[in-house]
Amino acid sequence: MAQFSRRNLLKASALVAGAYGLGIGAAARFGPAFAQPKPVLLEARSTDAALAETAATRGVMTYGNDGMPPTLRIAKGKPFAARLENRLDEPTTIHWHGLRIDNRMDGVPFLTQPYVYTGDGFDYLFTPPDAGTFWYHPHCNTLTQMGRGMTGMLIVEDPDDPVFDAEIALNLRDWRLGGNGQFIEQFKARDAAKAGTYGTLRTANWQREPQYDAPAGGLLRLRLVISDVTRIYSLKLNGAEAHVIAIDGNPVPNRFALDFLMIGPGQRLDLALRMPDTEGTIVELEDIRGSKPKILARLRATGPSLKRDLRDIGPLGRNPVPEPDLGTAQNIPLVLSATAENAAVDSICGTLGYSFWAINKRPWPGDTADPTAPLAEMKLGKSYVLDVANPTPHIHPIHLHGMSFKVVSSSARPVQQFVSDTYLILPDEKVQLAVLADNPGDWVFHCHIIEHQKTGMTGYLRVA
Ligand code: C2O
Ligand code: CU
């Protein structure tokens, strides 16, 4: 693990506080008009966990008690508070992936907040404007901290959503463990320069092929998060009919039957699934990408059939994502590329020691004390089209913080105009993502394959 000198840390904190005036607590901005919600305590800590068959894995990192970080359930439009306490022996922060919240709550070291040093804490306070399936994770030494476990689900509930007979949330991810159940090197440079380094053990909710019960003939809401640092999934269900009802938290304009769907790190999928009628029947969730298909989880039908119909499920509540104006939108070209430049920038929040990737020819690993210039400056209230091109031979789940975009068109495939925060861009694809710049601040834009992010495929957009 990297060593962090107190002096550098202090210097870095001072810089952030000086440059952005971040010393004030969030309460100052939100209170006293709001009743202060009681904060959820998220203690960042290391633990042992039973992941592999062979032995408990040491040095797992999580939030809260032993085991998987808690799946937080919060309410749309209601203030939410979380207190991060750092019991790790390195700095950390929390980023709330997909939430359109105040920039100071976004959890990006140096850009939006000072990192949280060992023994220190940070109070997050925000009101989620949108309902849906989201998640949270650190934005500091991310490959290690996420790779070792710090990826939690965040579900924002909407009272206007239809009622299902059951709901199951699955946090899908891998672990890089050796035969003895212990962590092995998190990445290989030669893989980081390609698709990324894959885990060796695959889990759903930190379990190998877990099985869950759901009422026979009933309607189930299945919420999935791909919180892995590398792996792209092609998800398929065996033994049940399901409709995709939301992608990346937001309802899809037109529901469609799940045949199989490719979904990448950072992305979420909400499925409406009808369980089989016969008690004991098993439904399998499978990843069919790659040469070895893998069952991720199973669902077992229980009890007498409820005899429900998928078409009984009404529309999800709407999210108030502002509609970009395509007539006046200005284009921002963003080219994701490999880079030959090989000077890695050192950072308190971890460096992988290489730079393989770039956005608009500029490699930046993010989370450094001297952010380069923004990729673009956007005027508050104006609409933009992020014109993203991927001339590389690899897929990149490209993610924007703080604002949701509408997928307008793609050169590679027909797209529904869905609203999202992470787009899985294929090799040679060009995609137009429209966004109304309504949230002021510096917002990171990066690939969510963490090795790509941390070896250069990161930048940020400034809204002012
Ligand atoms: Cu899940 Cu910077 O993001
Ligand atoms: Cu990438």
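Residues numbered from 1 in each chain as written. Chains lettered and ligands numbered in written order. Predicted model: local features only at pLDDT ≥ 70, side-chain atom pairs only at ≥ 80, totals over all residues. Heavy atoms only, no water.

## Let's talk about the coordination of the copper ion (ligand 2)
Distances from the copper ion (ligand 2) to its protein donors, His396 (ND1), Cys447 (SG) and His452 (ND1), fall within 2.0 to 2.1 Å. Under the relative-accessibility criterion, Cys447 is labelled buried at 0%. (Donors = N, O, S within 2.8 Å, 3.2 Å for Na, K, Ca; no water. Buried < 20%, exposed > 50% of the residue type's maximum accessible area, 1.4 Å probe, protein only.)

## Examining the pattern of salt bridges
Evaluated as defined, the whole model comprises 32 salt bridges. Close ionic contact of Arg83 with Asp123 constitutes a salt bridge, the shortest N to O distance being 3.1 Å. Of the two residues, Arg83 sits in strand β4 (residues 80-86) while Asp123 sits in strand β6 (residues 121-126), which places them 40 residues apart along the sequence. The exposure class of Arg83 is partly exposed, given its relative accessible area of 24%. Across the salt bridge formed by Asp165 and Arg308, the nearest N and O atoms sit 2.9 Å from each other. Here Arg308 lies in the loop between β19 (294-302) and β20 (330-338) and Asp165 lies in the loop between β8 (152-157) and β9 (166-175), a separation of 143 residues in the sequence. (Salt bridge = Lys/Arg side-chain N within 4 Å of Asp/Glu carboxyl O. Helix = DSSP H or I, 4+ residues; strand = E, 2+ residues; numbered from the N terminus.)

## A closer look at the sheet that holds strand β27 (residues 422-425)
Read from one edge of the open sheet, five strands run β22-β30-β29-β24-β27, paired in mixed fashion. Edge positions in the open sheet fall to β22 (376-378) and β27, since each of these has one partner strand only. Taking each pair of neighbouring strands and ignoring which way they run, the sheet shows an average axis angle of 20 degrees. Sheet analysis places β22 next to strand β30 (residues 458-463), joined by three bridges and oriented parallel. (Pairing = 2+ DSSP bridges. Axes fitted to C-alpha atoms, helices over the stretch in contact; angles between N-to-C directions.)

## As for the nonpolar core
Grouped together as the largest cluster of nonpolar side chains are 80 residues, with contacts concentrated most on Leu170, Leu172 and Leu386. Beyond its immediate stretch of four places on either side in the chain, Leu172 contacts Thr203, Ala204, Leu224, Val225, Ile226, Ser227, Asp228, Tyr233, Leu235, Leu285 and Leu296. Of all hydrophobic cores here, the second largest spans 25 residues; its members include Leu84, Met105, Phe122 and Val156. (Core = buried A, V, L, I, M, F, W, Y, C linked by side-chain atoms within 4.5 Å. Contact = heavy atoms within 4.5 Å.)

## A closer look at the confidence of the model for the protein chain
Put simply, the protein chain has an average pLDDT of 91, and 92% of its residues get 70 or more. In the predicted structure, residues 1-33 sits below a pLDDT of 50 and forms 44 contacts with residues beyond four places in sequence or in another chain. (pLDDT = per-residue confidence, 0-100.)

## What to know about the packing of aromatic side chains
If you walk through the whole model with that rule in mind, you get 13 aromatic pairs. Aromatic side chains Trp175 and Trp206 sit 4.9 Å apart centroid to centroid with 85 degrees between the ring planes, which places their arrangement in the edge-to-face category. Here the residue Trp175 occupies a position in strand β9, and Trp206 occupies one in the loop between β10 (201-204) and β11 (211-215), the gap between them amounting to 31 residues. The pair Trp175 / Trp206 is uniform in exposure class, with both members buried. Of the aromatic side chains, those joined through ring pairs into one cluster are Tyr63, Phe80, Trp96, Phe122, Tyr124, Phe126 and Tyr136. (Phe/Tyr/Trp six-rings, centres within 6.5 Å; stacked < 30°, edge-to-face > 60°.)

## Some words on the sheet that holds strand β5 (residues 95-97)
One open sheet accounts for four strands, arranged β3-β8-β7-β5; its pairing is mixed. In this open sheet, the two strands that pair with only one neighbour each are β3 (72-75) and β5. Direction aside, neighbouring strands of the sheet carry axes that sit 30 degrees apart on average. The pairing of strand β7 (residues 132-137) with β8 spans five bridges and is classified as antiparallel. Pairing of Tyr136 across the sheet is with Gly152, part of β8.

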